[in-house]
Amino acid sequence: MSRVEERLRFEIDGSVTALSGKMEYGQGLRAAYPRIVAEELGIAPSRVRVVLGDTDVVPWDMGTFGSMSVEMDGRELRRAAAFARSELLARAASRLATQATELDIEDGAVTSRLDGRTLTFTQLVAGEPVTGEVPEDVPLAVPTPTCPDGPADSVDLVTGRAQFVADVRLPGMLHGRVLHPAVHGARLRSVDRDAALAEAGVVAVVVEGDFAGVVAERHGQALRALRAQQPQWDPPLPPQAPGTDAVLRSDAGVDEAFGGAATRIAARYFTPHVASAPIGPSVGVADVRADEAFVYGSTQVPFGLRDAVAAIAKLPVERVHFRPRAMSGGYGRHGSSDAALEAARLSAAVRRPVLVQWSRADELHGAPHRAQMEAAMEGGVDATGRIVAWRSEISTNPYGYAGAAAARSAPARPARPAAMGRAGGWDPTQMVAMMAGRNAVPPYELGAAEVRLHVTPGRVRTGALRSLGASPNVFAIESFVDELARAASVDPFELRLRHTSDARLRRVLEVVRERSGWAHARRGQGRGVGVACVVYRATYVAEVVEVSVAADGEVRLERVWCAVDAGHIVHPDGARNQVEGAVQMAASWTLIEELPHRDGEVLGETWEDYPIATFRDAPRAIDVVFTGDDRTPSSGLGEPPAVPTGPAIANAVFDACGARVRRLPIRAAAVRRALTGG
Amino acid sequence: MRYLLQVNGGPREVDVPAGTPLLAVLRDTLGLTGARFGCGHGACGACVVLAEGAPIPACTTAVEDVAGRAIVTIEGLARGDELHPVQRAFLQEGALQCGYCTSGMILAGAALLQRVPSPSEDQIREALAPHLCRCGVYLRAIRAIQRAAR
């Protein structure tokens, strides 16, 4: 339940301000939200201003993740706007002494169809703001894609004027740096505090438990002081949290079903730790004073950060003000506001504003990385080509906030665990099923199936990355479905379509088969195509990729076709941008990326040690088509299109050269190994 | 040490220690924050500026090495309110998401078009290859530079 005045403000100049606790870092919310409000209110999107993440004025929000911003907060804005629309119509009807049904709402005004008399929004709200509880059943306008795609609201980003967190400059601001061991959880044995203090420009050396930071006038000075500390580390304690197991599906008669299968195969899949690798590393600025605090940071959880800073500064939460600024994409990484928390601890110690900018090495050593996953899959197909038995056992690490490693600098007892928010008290089995177990149960109508999940803390710090467990899980599922199709001599599209009666899933599969020219694709001699699909929450995605594989095993992603049903598409070009970007990122982690680590130590500090896809690796084209219905509510788009890309590539590589790579990344050596059976 | 720089068409005198990275001078001394810090080892392109028309990573360039050379940052690319064609094309093609890598990409694109007015797609890929984008707008950026070339 929400109140309209928490969401929308009608301004005296006829514009509308929309309020949301979500953060923008490239998903396009600043373009999407005005369109949602505009669709309901019948005004131009340019007349809607959006305020995001400012904890002093926006309603409380759990955080920006899970591809939920348009689906859920967008729905709240839509409902608020729909309610405001009915209020404005009722007011106009009363003042014009007519029926609301005789009125049109258009271009910021309500007009009588009978006599053309008009009242503007400004006239309708003057002295009487639109307030009230938005009823559960508020009628929504049937959204139509009437808003043309204007240029993105991004002028400040192309001129350099946009102010990112790292660009905040406060009077008297200092620069801080904090030590990050390459081994997650390593305990600080000693630092040379005096040597650090002796460096030029150093204002303070702050050592509290395993936290050791320096504060200096200039950034270069802070860096020299940091190095002068010469830290000695003790190895981490063994993990305290036990593992969590979850049974995601357990039908009766699985063994019997396998016994009756005509064809039975088994395979193991593995996906490594992957870094979120934002181009802008974690950064934060904090100004902690005796009676209030201001914080700026790269974060997906502005309220969680505010509450944590309140705990650090020993202030009530309403005395802490989070100030949103532009931020680098984080893809889940900024669920942990590391640098801002460090800045708060340092600022609390020196009582001056402190900026903390993580380095690239800090980011590799200290940021949460995607969990490792190992899956043992077993499937049985009957003589008619139906999958009658399915068993999978998945072992992985925690993703979210339940049992995953918190930021080193987080306060010992956060006021409110960020992801749990007001719901609170979720049981750990449910949490791991929802995060690590996301999409671990195939979307198909299978015979008897059993899906088990084991989640244990790894030695590397793990956390959210675009789609959580869905991408690893679906890599295993959709690769294995391809193997089953080959084993049963059935076309991979055909096998998938045989096992679903879900019209939306069938449609994305059929559309992408058609658009990609699947029936006539070049196959063999180093050229191949592959398909994979996912039903991610309420969003349906099917992808076909075409790859070429060189004689030495080097894979090149040539072309990608995506069919996506995310219901009503609010901002078509922004939505396409999300799909293309998700595919590009997933192609990178599928073909290139693996976090180098040994005995819990992350090895490497630079982009050379952890390369990602470049302009050279980008495919020739990514074709995106939306198959959804405008009457179906909008669902998320940030994560889902990343999910099928990996298995589609693996399936295409097999199609091209017969190499079944079950362990990511699919580098040339992996293809050669798969071909020689090594 | 005092250095006389030519930044965005005007002289700027700065007093910083020798060896100070150009990026720190731009961002902290001159308040030009459009060049972004990404990696500090010249491998991501987020801090790229133009020196005598050629893209250079500002994070690994010492201030003394560019004294007297004409520096252009993203703030100096537009003429008043009139955006550079590459800036306009990035908007028209929606060739950005978070925008953190955008300054460097646009400057590299502008430098390329100065040198090669009608580059092929592969020439664009090569020229922009030093610029990493994790949001994945590579194809859009290519289209934007092609649009600006028309």
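Fair warning: this is a prediction, and the values are worked out from it, not measured in the lab.

Enquirer: I would appreciate a short explanation of the domain arrangement of chain B in the present structure.
Expert: Put simply, an interface is often sized by how much accessible area is lost when its parts join up. Residues and elements named next belong to chain B. Per the domain assignment, the segments of chain B are domain 1 (2-76) and domain 2 (85-149). Each of domain 1 and domain 2 was reduced to a C-alpha centroid, and the two centroids are 21 Å apart. Taken together, the 14 residues of domain 1 in the interface contact twelve residues of domain 2. Among the elements that make up the side of domain 1 that touches domain 2, the one with the highest residue count is strand E3 (residues 48-51) (three residues). Taken together, the residues that form the side of domain 1 that touches domain 2 break down as ten nonpolar, three polar and one charged.

Enquirer: Explain the pairing of E3(B) here, please?
Expert: For a regular strand, side-chain orientation follows a simple rule: the groups alternate between the two sheet faces. Residue and element names in this part refer to chain B. Relative to strand E4 (residues 54-57), E3 runs antiparallel, the two being bridged by four bridges. Note that in E4 the partner of Val48 across the bridge is Pro57. Counted along the chain from E3 to the antiparallel partner E4, the turn is two residues long, and its residue Glu52 has a positive phi close to 50 degrees. Summarising the sheet, E3 and strand E5 (residues 70-72) pair through two bridges and their orientation is antiparallel. Along E5, the bridge assignment pairs Leu50 with Val72.

Enquirer: When you look at the packing of helix H4 (residues 102-115) of chain B against helix H6 (residues 138-149) of chain B in this model, what are you seeing that I'm missing?
Expert: Two packed helices can be described by the angle between their axes and the distance between those axes. Residues and elements named next belong to chain B. Look at H4 against H6: their axes get within 11 Å of each other, and the N-to-C directions meet at 40 degrees. Classified by the angle between their axes, H4 and H6 sit oblique to one another. By crossing handedness, the relation of H4 to H6 is classed as right-handed. When H4 is examined against H6, the residues Met105, Gly109, Leu112 and Leu113 are found in contact with a partner set consisting of Ala141, Ile145, Ala148 and Ala149. Broken down by class, the residue content of the contact of H4 with H6 amounts to seven nonpolar, one polar and no charged.

Enquirer: Would you mind going over the sheet that holds strand E16 (residues 320-322) of chain A with me for this structure?
Expert: Strand pairs in the sheet, formed through backbone hydrogen bonds, run parallel or antiparallel to each other. All names here are of chain A. Read across the sheet, seven strands follow the order E9-E10-E7-E17-E14-E15-E16 without closing on themselves; strand pairing throughout is mixed. In the strand order of this sheet, the two ends are held by strand E9 (202-208) and E16, each with one partner. Taken over all neighbouring pairs, the strand axes of this sheet differ in orientation by 20 degrees on average, direction set aside. The sheet strands contacting helix H7 (residues 219-228) are strand E7 (174-178), E9, strand E10 (211-216) and strand E17 (354-357), and the helix crosses E10 at an angle near 145 degrees. Packed onto the sheet, helix H10 (residues 338-350) meets E7, E9, E10, strand E14 (283-288), strand E15 (293-297) and E17 and runs at close to 30 degrees relative to E14.

Enquirer: When you look at the sheet that holds strand E13 (residues 263-271) of chain A in this model, what are you seeing that I'm missing?
Expert: Residues and elements named next belong to chain A. Taken in spatial order, the five strands of this open sheet run E12-E20-E19-E18-E13, and their pairing is mixed. Two strands bound the open sheet, and with one partner strand each, they are strand E12 (244-250) and E13. Sheet twist, expressed as the average angle between the axes of neighbouring strands with direction ignored, equals 10 degrees. As defined by bridge partners, strand E18 (residues 373-381) adjoins strand E19 (residues 387-396) across nine bridges and the pair is classed as antiparallel. Bridging across to E19, Gly379 finds its partner in Trp390. The sheet contacts of helix H13 (residues 470-487) involve E13, E18 and E19, and relative to E13 the element is tilted by about 150 degrees.

About the cut-offs
Residues numbered from 1 in each chain as written. Chains lettered and ligands numbered in written order. Predicted model: local features only at pLDDT ≥ 70, side-chain atom pairs only at ≥ 80, totals over all residues. Domains from an automatic or database assignment. Contact = placed C-beta atoms within 7 Å. Helix = DSSP H or I, 4+ residues; strand = E, 2+ residues; numbered from the N terminus. Nonpolar A, V, L, I, M, F, W, Y, C, P; charged D, E, K, R; others polar. Pairing = 2+ DSSP bridges. Axes fitted to C-alpha atoms, helices over the stretch in contact; angles between N-to-C directions. Parallel < 35°, antiparallel > 145°, perpendicular 65-115°, else oblique. Left-handed = near helix turned anticlockwise from the far one by under 90°.

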